[in-house]
Structures are given as structure tokens and as C-alpha cells.
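# Structural characterization, general
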Amino acid sequence: PEATYREIPQANKITVRGLMECAMMVAISLVLALIGFYVPVANIIGLLLFPLPLAVLVFRNGVTTGLIGAVALFALAAIFFGLPNAVIMMIEYGALGLFLGYCFRKRKGPLFTMGFAIVIAACGTLVGLMLSLFVAGLPFSAMTEELTQFAHQYFAMFNGNGLDAFIPGNMTMDAFIQEMTDWVIRLIPAILIIGSMIMAAVGYGVSAAVLRHLHYDIPKVPPFSEWRMDWKFSWGVIAGLACTLAGSYFEISWLNTLGWNILYVFCPVLLVCGLAFVIWLFKQPIYSPLLKTLLVLMMIFFFQATFFLLMFLAVFEPIIDFRGRLKKAMEKLKR
């Protein structure tokens, strides 16, 4: 039998039932925040699930009730955790929950929702970091100094344990550790944004799963083999390459750093989309099992070349439309 779904709410009025649900969702969010702040093992789970109640509240009762819940949650968080932490929490996680609930309510596509959720989460993380440093009265250099010490200690642990194989012949161990540390410091924005991407993807997946469990018809993510990057995002990769090359050529350090951060942010997206294209290719009936096995072995043994090949496919596949061209070629072969 076909699944029966509830009708997605469209009214945006404040009702008694909506306010009761608002109070319940605010309480759940507060409990998750308490877990995130005070429970060592489960703190990551608590923070990742923090946007979920707000998303459900907006979906079921509208944006107005969701904003009321967000204000109430902000007030309670300020009482329990202090005003600075409450502001940071709502910027990093609250805005994401409101946005996800709105997109589910308006039946936006999953890729559209996740794409903009990643942008919101990334901006929230960067703003939250700046606010944290401002409230603590610390300059950005203080954080980089601590990270430098940590990176030095981390890389020093591998001294003599396999790290020597990666050191160029004309470089000492100390110089190599310093170069790796500087590289990690330069890529702090990219690391934070990649973490935000993971947070947004988890928030979307959990929220969608909960709403489907409540028997709402939430659009499902396409099969992994059908994933592809929108051609508009290819300009982001081009901008990153342009900044990197221009920064190196004109010896502009900040421009070169900006370019590398942009490229590293796109790296996981490109790898996932490139792998999706390869899986789609393997599903086509024209390839024999032996050929597929050989291709997999080549991808494993020539990992570095595979890495760049996947990114190349992800960038140019939406522009050139490799899948469409291959489908036409296969149709001609069948004829």
C-alpha cells in the first residue's frame, strides 16, 4: 500500500497548541544545550541536535511561532550560560534550525536546502569565533599562538615514526614541522567551514528523518550516484585558483591564503561529487566486472592521481554534461 502522509501545515497563525508545542521544543533545545555544555562525551551530539527542535517548531507552526521560540530560547540560554554564549549559540545553531524548518515547510529541494544551510552554518561559525575572541578580549593572534603550540606538539609526536618519509631532502625536521604548522594556521577558516558543512548536513539529515517519522512527505535526497555540483559553483573553484595563482605571482600573502582556503573548502564537495560520477559510471551495463575491478585497483594504487581526477570530473561534469553525452553514446551503441 502507498504511504499516507500528513498534510504539510501552511497556516502561520499563533495558536494555543502552537505555543504549547513552542514551550516543549524550547525545553528540548535547552536540554540539548545543557548536554552540549556540561556532558563531556555527548557534548558534540547535543550541539549537533540543537537546531532540530526549532526546525520542527517552524515546520509545524510557522515562522512567527518559531521566532517566538527562538527569543524564549535565547532568554533562557542567557540565564543558564550567560549572554555571550547565548548569542553565539543562536548565531551558530539557532539560525540553522529556523532555516531548515522554513525550507521543509516550503518544500524546497534537498540540495538547495543543504547548500544554503552550509552557507548559514559557515557564516555562523566564523561570526561565533570572532564574537568569542571579542568577548574574551583576545586578539586573533592569541588563538593562532595556541594552535601553533598544539600543532608543534602534534607533529613532534611523529618524529621518527614515519614522518621522515614526507620530509624533502633539503629540509630539517624542525623546519618541516614549522612549515606544516604555518600551513595549518593559514587554513583555519577552511577547517572551520568544513566542520560547519558537516554540522549542516547532519542537521538536515536528522531533521528530515524526524519529520518523515511524523509522517510528513519530506523530499528525499537523490541517490548518491545522481549527485552533481551545480555549474554555478564551478566559479568558486575558478576564483580559488585565480586567487592562489595571483597571490603567488604578485607575492600577496593574504590573497594566496584566501585562494587556498577557498580550494580546501571545495575539496570535500568535489571529491564526493566526483565519486558519485564514478559510481554512476560503474552502474552502466556496458562495463564488464573485470574492467570495473581493474579500474578500482588503479584508483587505489594511484591514489594521488585519482584524487585530482575526481575533482576534475566534479568541476567539469556539470559544464560539459559527461553523463548526458555518455547516455547518448550508449544509445547509439545499442542501435
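Residues numbered from 1 in each chain as written. Predicted model: local features only at pLDDT ≥ 70, side-chain atom pairs only at ≥ 80, totals over all residues. Heavy atoms only, no water.

### Quick look at the layout of surface pockets
For clarity, the cut-off: In this analysis, the protein atoms alone were mapped onto a 1 Å grid. Cavities are point sets where a 1.4 Å probe fits without being able to get out; pockets are open sets with protein on both sides within 12 Å along at least five of seven lines; lining residues have an atom within 4 Å of a point. Grid points are joined across faces, edges and corners, and a volume is the space filled by probe spheres set on the points. All amino acids are sorted into three groups, where Ala, Val, Leu, Ile, Met, Phe, Trp, Tyr, Cys and Pro are nonpolar, Asp, Glu, Lys and Arg are charged, and the leftover types, Gly among them, are polar. Runs of E in the DSSP output that reach at least two residues are strands. Runs of H or I that reach at least four are helices, and both are numbered from the N terminus.
Considering only enclosed or pocket space, the largest pocket measures out at about 980 Å³ in volume. Contributing to the lining of the largest pocket are 26 residues, with Met114, Gly115, Ile118, Met197 and Val269 lying nearest its centre. By residue class, the composition of the lining of the largest pocket is 23 nonpolar, 1 polar and 2 charged. When its volume is computed, the second largest pocket comes out at roughly 640 Å³. Considering the residues around the second largest pocket, the lining is formed by 18 residues, among which Trp260, Cys267, Phe307, Phe308 and Met311 are closest to the centre. The set of elements that each furnish at least two residues to the lining of the second largest pocket consists of α10 (234-249), α11 (253-282) and α13 (303-320). Sort the elements by how many residues they give to the lining of the second largest pocket and α13 lands first, with 9 residues.

### Section: a nonpolar patch on the surface
Here is the rule we go by: Here the term patch refers to residues with relative accessible area over 30% and no salt bridge, with like charges joined within 9 Å and nonpolar side chains (Val, Leu, Ile, Met, Phe, Trp, Tyr) within 5 Å. Under the convention used here, a 1.4 Å probe and the Shrake-Rupley method define accessible areas, while residue burial counts only the protein chains that appear. One side-chain nitrogen of Lys or Arg within 4 Å of one carboxyl oxygen of Asp or Glu is enough to make a salt bridge. When accessible area is computed with a 1.4 Å probe and restricted to protein chains, residues below 20% of their type maximum are described as buried, those above 50% as exposed, and intermediate ones as partly exposed.
Together, Trp231, Trp235, Ile238, Leu309, Phe312, Phe316, Ile319 and Ile320 line one region of the surface with nonpolar side chains, adding up to about 810 Å² of accessible area. It is α13 that provides the largest number of residues to the nonpolar patch, a total of 5 residues. Looking at where Trp231 falls in the secondary structure, it is placed in the loop between α9 (188-213) and α10. Under the relative-accessibility criterion, Trp231 is labelled partly exposed at 46%.

### A look at unusual backbone geometry
The phi angle at Glu251 is positive, at roughly 55 degrees, despite the residue not being glycine. Within the element layout of this structure, Glu251 appears in the loop between α10 and α11. By relative accessible area, which is 72% here, Glu251 ends up exposed. Positive phi, normally seen in glycine, also occurs at Asp321, with a value near 60 degrees. Note on placement: Asp321 falls in the loop between α13 and α14 (322-334).

As far as function goes, none of this settles anything; it's purely spatial.
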